[in-house]
Amino acid sequence: LLLEATLLQLASGSHHPFYNGFYYNHIMNDMGNGQDKDYFNGARLVVETSKDPVYSYSGANVTLPCHYRYEPDLGDKRKIRIKWSKLRDDYTKEQDVVVAIGRTHVAFGDFQGRAHIHRASRHEASLVISDVHLKDDGKYRCEVIDGLEDESDVVDLQLQGIVFPYQPPHGQYRLNFHEAEQVCQDQGAVLANFNQLFQAWSEGLDWCNAGWLADGTVQYPIRLPRKPCGGVHLAPGIRSYGPRHRHLHRFDAFCFSSALRGEVFYLDRLAGMTLEEAKQSCQDAGAEIARVGHLYSAWKFLGLDSCSAGWLADGSVRYPIVKPRPNCGPSEPGVRSFGFPSKGRFGVFCYRER
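Here the structure is a predicted model, which means the values were calculated and not measured.

(A) Summary view of the state of the cysteines. Within this structure, the stated rule accounts for five disulfides. The disulfide bridge from Cys 66 ends at Cys 142, spanning 2.0 Å between sulfur atoms. Between Cys 66 and Cys 142 the sulfur-sulfur dihedral comes to about -80°; the bridge is accordingly left-handed. Taken as a pair, Cys 66 in strand E6 (residues 66-71) and Cys 142 in strand E12 (residues 138-146) lie far apart in primary sequence, 76 residues in all. Summarising the burial analysis for this pair, Cys 66 and Cys 142 share the class buried. A sulfur-sulfur distance of 2.0 Å marks the disulfide that ties Cys 282 to Cys 350. Handedness here is read from the sign of the S-S torsion; for Cys 282 and Cys 350, about -80°, the answer is left-handed. Pair noted here: Cys 282 is in helix H4 (residues 275-284) and Cys 350 is in strand E25 (residues 347-353), with a separation of 68 residues, a long-range link. Taken as a pair, Cys 282 and Cys 350 share a single burial class, namely buried. Described in terms of the sequence order of its bonded cysteines, the disulfide pattern of the protein chain is 1-2, 3-6, 4-5, 7-10, 8-9.

(B) Main features of the nonpolar core. In terms of nonpolar packing, the biggest core is built from 88 residues, with Leu 64, Trp 84, Leu 127 and Tyr 140 touching the most fellow members. Broken down by element, the residue count for this core peaks at five residues, all from helix H5 (residues 292-301). Apart from residues no more than four positions distant in its own chain, Leu 64 is found in contact with Val 54, Trp 84, Ser 126, Leu 127, Ile 129, Tyr 140, Val 155 and Leu 157.

(C) Here's a closer look at the side chain of Asp 153. By secondary structure assignment, the location of Asp 153 is in strand E13 (residues 149-159). Taking the relative accessible area as the measure of exposure, Asp 153 reaches 17% and is therefore buried. A polar side-chain atom of Asp 153 sits 3.2 Å from the main-chain amide nitrogen of Thr 49. Engagement of the side chain of Asp 153 in a polar contact is seen with the side chain of Lys 51, the distance being 2.9 Å. Once residues within four sequence positions are removed from consideration, Asp 153 is found in contact with Val 47, Glu 48, Thr 49, Lys 51, Tyr 140, Arg 141 and Cys 142.

(D) Just the sheet that holds strand E4 (residues 54-56), in detail. Spatially, the six strands line up as an open sheet ordered E4-E13-E12-E7-E8-E9, and their pairing is mixed. Each edge of the sheet is formed by a strand with only one pairing partner; in this case those strands are E4 and strand E9 (104-107). For this sheet, the mean inter-axis angle between neighbouring strands, taken without regard to orientation, is 20°. Strand direction decides the pairing type here: E12 and E13, joined by nine bridges, are antiparallel. When the sheet's bridge partners are listed, Glu 143 is paired in E13 with Ser 152.

(E) Looking closely at the pairing of strand E19 (residues 252-258). With respect to burial, E19 is a largely interior element, seven of its seven residues being buried. Of the two faces of E19, both are covered, the one formed by Asp 252, Phe 254, Phe 256 and Ser 258 as well as the one formed by Ala 253, Cys 255 and Ser 257. Pairing of strand E14 (residues 161-166) with E19, which is carried by six bridges, proceeds in the antiparallel orientation. By the bridge assignment, Phe 164 is partnered in E19 with Cys 255. Direction of pairing for strand E15 (residues 190-191) relative to E19: antiparallel, over a ladder of two bridges. Considered in E19, the bridge of Val 190 is made with Phe 256. In the sheet, strand E16 (residues 211-212) pairs with E19 via two bridges, with the strands oriented parallel. If you follow Gly 211 over to E19, its bridge partner there is Asp 252.

Criteria and thresholds
Residues numbered from 1 in each chain as written. Predicted model: local features only at pLDDT ≥ 70, side-chain atom pairs only at ≥ 80, totals over all residues. Heavy atoms only, no water. Disulfide = S-S within 2.5 Å. Helix = DSSP H or I, 4+ residues; strand = E, 2+ residues; numbered from the N terminus. Buried < 20%, exposed > 50% of the residue type's maximum accessible area, 1.4 Å probe, protein only. Core = buried A, V, L, I, M, F, W, Y, C linked by side-chain atoms within 4.5 Å. Contact = heavy atoms within 4.5 Å. Polar contact = N/O pair within 3.5 Å; in protein donor to acceptor, adjacent residues only side chain to side chain. Pairing = 2+ DSSP bridges. Axes fitted to C-alpha atoms, helices over the stretch in contact; angles between N-to-C directions.

Structural data, given as structure tokens:
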């Protein structure tokens, strides 16, 4: 409230009450007792955003469209308040993104320096987000406030990306919710939300181990029903354990990584490399050792295909196959894993920003 009051003062340029341009009839109420009652004679405010999702990817700039109008049209541009907020996956309080009055705006939290209102036309209230982050994926509310009028609409920002299951080196079902958040972040990813997992399932993801999602639920995608995965009589779909205790319960994680701003490439030596030698080789090439999220993204979006296994930053050894062929694993495309070998010499996958 204090912030909003400050914004109102800044936008109006004075300490007089904020005037929104609407007109009111000031008449006596029906009780005839001398008390006043306000009746609103203004126009109806309509707010509209895109009905289709807006697609983007990590590191890009994106505009979420929002326009408003009055019915009937009130003509001249009016001083109104615009507020954008992000709806949370777990249905808790909305996250403030930016508030603007006139040319004055304030961005909040992680959106500071990255979010502003684009007002190229008279009734535009679009949101521009620069350097899109993985956590920016989700639904956003555009709210326009003019005096007693307060209308809003919601637009869906969807990042192009890939969901991958993740187990840490010490084995299956070892992560509580907060640890799952951290391991995804360590791999250049974030915990996936339900919509992302559902999209991955519709594209063929089949995984029998349960994993955390961003809303604190535990679920897993099944394409081929089988006994260890809920039974053969259940239909294909997303199996859910529902919300779990975020500190006490332990599962795997479903991570989400977006399209890359850089490139993933493979390095090797005749005798292979240890993990530490692999990290140094990437540094010598002006890069860093790739994370798991980098490898999955390069496989899906850049067509990275290598039958040679390589180290990744978490100590795992994997390789991506776009075109299955003999001696390169199963007959389906995918990222193959050798687990977390304590010994052995392999090549390495490196990641370099463009």
